Amino acid sequence: MATLTQFQAVGRRKTSTARVYLRPGDGTSFEVNGRDASEYFPVAWRRRSLDQPFSVTDMIGNFDVKVTVSGGGLTGQAEAIRLGVARALVKYDEELRGPLREAGFLTRDDRMVERKKYGQPKARKKSQYSKR
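Residues numbered from 1 in each chain as written. Predicted model: local features only at pLDDT ≥ 70, side-chain atom pairs only at ≥ 80, totals over all residues. Heavy atoms only, no water.

As recorded by an unreviewed UniProt entry, the protein carries the name Small ribosomal subunit protein uS9 and is attributed to Longibacter salinarum. Regarding the protein, the relevant UniProt record gives this comment under Sequence similarities (unreviewed entry): "Belongs to the universal ribosomal protein uS9 family." (UniProt positions renumbered as here; feature names shortened; annotations may be inferred.)

Below is the structure:
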């Protein structure tokens, strides 16, 4: 267990990047881009994904979280924050790596949007093929 007062980590998903700062506290503050997380993510399932690393490791209420996130949409941002929180928890205590790895929160989801190809309307859609 480290003796720092702040634990920092970066999480990415699609084109979103989240810088996560964990400070020991009472767990009442979860700030995303200067706003409360419930205000920034009004949909409940996105907010739940932010807290999943804490619930897996039984660390709910131990940290105040501050996040700066940019790029992408709300779902990509929420999952980038989840990865950043998990990485910051591992910096706090290396013993938490096992449960977080088992839950899949330390794996970077590397799926990106496939680019559009020339001569086609979309990435994979092609014009209709006529055999005869």
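J.: Tell me about the packing of aromatic side chains, and please be specific about residues and values.
T.: Think of a pair of aromatic rings as described by two things: how far the centres are apart, and how the planes are tilted against each other in angle. One pass over the full model with this rule turns up five aromatic pairs. For the ring pair Phe-7 and Tyr-92, a centre distance of 5.3 Å and an interplane angle of 80° mean the geometry is edge-to-face. Taken as a pair, Phe-7 in strand β1 (residues 7–13) and Tyr-92 in helix α3 (residues 74–92) lie far apart in primary sequence, 85 residues in all. Here the aromatic rings of Phe-63 and Tyr-92 are separated by 4.9 Å at their centres, their planes lie at 85°, and the arrangement is edge-to-face. (Phe/Tyr/Trp six-rings, centres within 6.5 Å; stacked < 30°, edge-to-face > 60°. Helix = DSSP H or I, 4+ residues; strand = E, 2+ residues; numbered from the N terminus.)

J.: Describe the pattern of salt bridges, with residues and values.
T.: Within this structure, the stated rule accounts for seven salt bridges. Its salt-bridge partner being Arg-13, residue Glu-79 comes within 2.8 Å of it at the nearest N-O pair. In this pair, Glu-79 is assigned in helix α3 and Arg-13 in strand β1, connecting sequence segments 66 residues apart. Of the residues examined, Glu-79 reaches a relative accessible area of 24% and is grouped as partly exposed. We note a salt bridge from Glu-39 to Arg-35, for which the minimum N-O separation is 3.3 Å. Beyond isolated ion pairs, a larger network of salt bridges with shared partners links Arg-13, Glu-79, Asp-109 and Arg-111. (Salt bridge = Lys/Arg side-chain N within 4 Å of Asp/Glu carboxyl O. Buried < 20%, exposed > 50% of the residue type's maximum accessible area, 1.4 Å probe, protein only.)

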